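Structural overview
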Amino acid sequence: MFEYNTVTPDEAKKELLDKYPAKVARKRSKQIVVNKVEKGDSVPEVQSNIRTIPGIITQRGCCYAGCKGVVIGPTRDILQITHGPIGCGYYSWLTRRNQTKPNCVEDNFMPYSLSTDMHDNEIIFGGEKKLKQAIEEAYNIFKPKAISIFSTCPVGLIGDDVHAVAREMTSKLGINVFGMSCEGYKGVSQSAGHHIANNAVFKNIVGTQPYKGSGKYKLNMLGEYNIGGDSFELERILEACDITLICTFSGNSTQVAMAESPAADLNIVMCHRSINYMADMMEKKYGIPWFKVNFIGAESTTKSLRRIASYFGDQELIDNVEKFIKAEMEEVIKVRKEIYPRLQGKTVLIYVGGSRAHHYQDLFKELGMKVISAGYEFAHRDDYEGRKVLPLKIDSDSRNIEELEVNADPEIYRPRKTPEEIQKLIEMGIDMSEYKGMMVDMEEGSLVIDDVNHHESEMLLELYKPDLFCAGIKEKYVIQKHGIPLKQLHNYDYGGPYAGFKGAINFYKEIDRLVNSKVWGYLKAPWQDSPQLIANYVWE
Ligand code: CFM
């Protein structure tokens, strides 16, 4: 059984829950689970996508953040207007590192943050008039081809109809204006916003223009957001293999590419959590199959590329891909060989978002490091346990978010593969329309924690004394003050790319530099020697 610093996982779980009042402990105990993989890949249930218990300091974001910031934010030629008080727009202004590279004639609105700047007046008398004015003003300045409107909490509370405004402005301006009811409180985390954005992009953009390009092997990449330039590296790889990337949803993307995306013959899915809705809807409407990939880690990139080549099944492509992998792996292996002995056996804890806590485990495996515990902030049960739990799933999204009814498009639906061909691909080990979740890839006895909070993070440091902690900016300095390095896996600590082959090399070097730096040994907080204040809770 897994044991670190003489703590068994069950003891660690008990310690984590120990400080909570009984009712809170009961709830949290369903979200803190000791991993056990049984026959048929069955794993224990992890309660997830439920409300954070009030009073607990969560790391989650809001529904508006998931909709505006995550899914639609990276698309540079949609002019995005936040309908709400100025803070929401201001705090979502370039705070996620989704990079973009427009050519010299394309629109790029990403450096801007547009807001209706709601005040008391609009809260009392309604904000629709101001929203219309804002859209017209923005249109006159920027002349965009599409405008999206994002609702913040007060919009839902006072009942502004952003959809009616969008319809009115679409006919007035003759461009694509669409609104989203993605009020911050709409779900229990940013995850709800992903779903709302998927629906809006699918309804308003996808399939609205015919594809003008060419290409023998055409695909879309879903759930890759170009943080720290990841998409640039993946674009380089696909291009070198002669694979045509029509559209990425939504790193380094344009709404033009999204409109043309139904021309692809395959959708590959990176971040299952944020974009699985789109993959399913495109499969139903256009007949485009999808499978999950992971480009985090050189081995995972190799595996994903081989799967893409096998899917298209053309010997020329298969040979091309193999040749490319061989050339790229030379440098990867050289760097890894040098770094591996310095990192082998080191331990790491990972708590991020809704997919990276899984993806990055592959990179750490390549370095010989051990993931003792991992978890997501806002994932759903399928991201932990696999899509097999989907039919059973009734969660907070089901109540609040529209499930679009999608049928095959009578004109352009075209199954890319016959059921027999799909079956053959599955037999070759390509899990079509499937995601097996994080837990099957984790060791027995590792601790899976959903929606981890500050208190638990600090307890985990004491219990496990890991060599590295992976999370985000909210945790970073709290952890580092304990003398343990923290690698930000949301924004990459201003570094990256970490995807693909070049990304893997960057990551190896970065982790080596961070974990093996002597500075952590010199750190001692004043309270570690002489605590100034010691207190107990009343119930203790
Ligand atoms: Fe998907 Fe993401 Fe993630 Fe996500 Fe995010 Fe992100 Fe993330 Mo931060 S879309 S779920 S809502 S991979 S912003 S690029 S790093 S929490 S693990």
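Everything here concerns the structure above.
Here we summarise the structure given alongside this text.

Arg96, His194, Cys271, Ser355 and His490 are the nearest of the 13 residues found near the ligand. Looking at the shell around the ligand residue by residue, the class counts come to five nonpolar, six polar and two charged.

According to the stated counting rule, one finds one cavity of 30 Å³ or more in the structure shown. What the largest cavity holds in volume is close to 40 Å³. Forming the boundary of the largest cavity are Arg28, Gln31, Ile50, Arg51, Thr52, Ile53, Ile56, Asp451 and Asn453. The residue makeup of the lining of the largest cavity, split by class, is three nonpolar, three polar and three charged.

This part covers the side chain of Ser231. With respect to the helices and strands, Ser231 occurs in helix H10 (residues 230–240). Relative accessible area serves as the criterion here: at 0%, Ser231 is assigned to the buried category. Of note is the side chain of Ser231, whose polar atom sits 2.8 Å from the side chain of Glu224. Ignoring anything within four residues of it in the chain, the contact list for Ser231 reads Glu224, Tyr225, Asn226, Thr248 and Gly251.

What follows concerns the sheet that holds strand E14 (residues 486–488). Strands pair in a sheet through their backbones, by hydrogen bonds, and they do so in one of two ways: parallel or antiparallel. Reading across the sheet, the six strands line up as E1-E12-E11-E10-E13-E14 and stay open at both edges, with mixed pairing between neighbours. Strands with a single pairing partner mark the edges of an open sheet, and in this sheet they are strand E1 (32–34) and E14. Within this sheet the neighbouring strands show an average axis-to-axis angle of 20°, counted without direction. In this sheet, strand E11 (residues 370–375) lies alongside strand E10 (residues 347–351) in parallel orientation, the contact comprising five bridges. Across the sheet, the residue bridging to Ile350 is Ala374, located in E11. Seen against the sheet, helix H15 (residues 356–366) touches E10, E11 and strand E13 (468–471) and runs at an angle of roughly 175° to E11. Lying over the sheet, helix H21 (residues 500–515) contacts E13 and E14, oriented at roughly 150° with respect to E14.

Take the packing of helix H13 (residues 298–312) against helix H14 (residues 315–343) next. In helix packing, the relevant descriptors are the interaxial angle and the interaxial distance, both defined with respect to the helix axes. One can describe the packing of H13 onto H14 by two numbers: an axis separation of 10 Å at closest approach and a directional angle of 180°. One finds that H13 runs roughly antiparallel with respect to H14. Here Ala298, Glu299, Thr302, Leu305, Arg306, Ala309 and Phe312 of H13 lie close against H14, whose contacting residues are Leu317, Ile318, Val321, Glu322, Phe324, Ile325, Met329, Val332 and Arg336. The residue inventory of the contact of H13 with H14, partitioned by class, reads 11 nonpolar, one polar and four charged.

Rules used in this analysis
Per chain, residue numbering runs from 1 following the sequence as it is written. Two thresholds apply to this predicted model, a pLDDT of at least 70 for residue-level local features and 80 or more for giving and counting side-chain atom pairs, whereas whole-chain, interface and lining totals are computed over all residues. Working from all heavy atoms in the structure, the side-chain values ignore hydrogens and water. Throughout, the term near means that a residue has one or more heavy atoms lying within 4 Å of the molecule or strand in question. Classification convention: Asp, Glu, Lys, Arg as charged; Ala, Val, Leu, Ile, Met, Phe, Trp, Tyr, Cys, Pro as nonpolar; all other residues, Gly among them, as polar. Whether a set of points on the 1 Å grid over the protein atoms alone is a cavity depends on a 1.4 Å probe fitting there but being unable to get out, while an open set qualifies as a pocket with protein on both sides within 12 Å along at least five of seven lines; lining residues are those with an atom within 4 Å of a point. Grid points are joined across faces, edges and corners, and a volume is the space filled by probe spheres set on the points. Secondary structure counts use DSSP, requiring at least four H or I residues in a row for a helix and at least two E residues in a row for a strand, with both numbered from the N terminus. The buried label applies to any residue whose accessible area, calculated with a 1.4 Å probe on protein chains only, is under 20% of its type's maximum; exposed applies above 50%, and partly exposed to all values in between. Residues adjacent in sequence count toward polar contacts only when both atoms are side-chain atoms; beyond that, a polar contact is any pair of N or O atoms within 3.5 Å, and within protein one must be able to donate a hydrogen and the other to accept it. A contact between two residues is defined here by any heavy atoms of the two lying within 4.5 Å. If DSSP finds at least two bridges between two strands, the strands pair. For helices, the fitted line uses only the C-alpha atoms of the stretch in contact; every axis is such a line through C-alpha atoms, and the angle between N-to-C directions lies from 0 to 180 degrees. Working rule for angles: under 35 degrees goes down as roughly parallel, over 145 as roughly antiparallel, 65 to 115 as roughly perpendicular, anything else as oblique.

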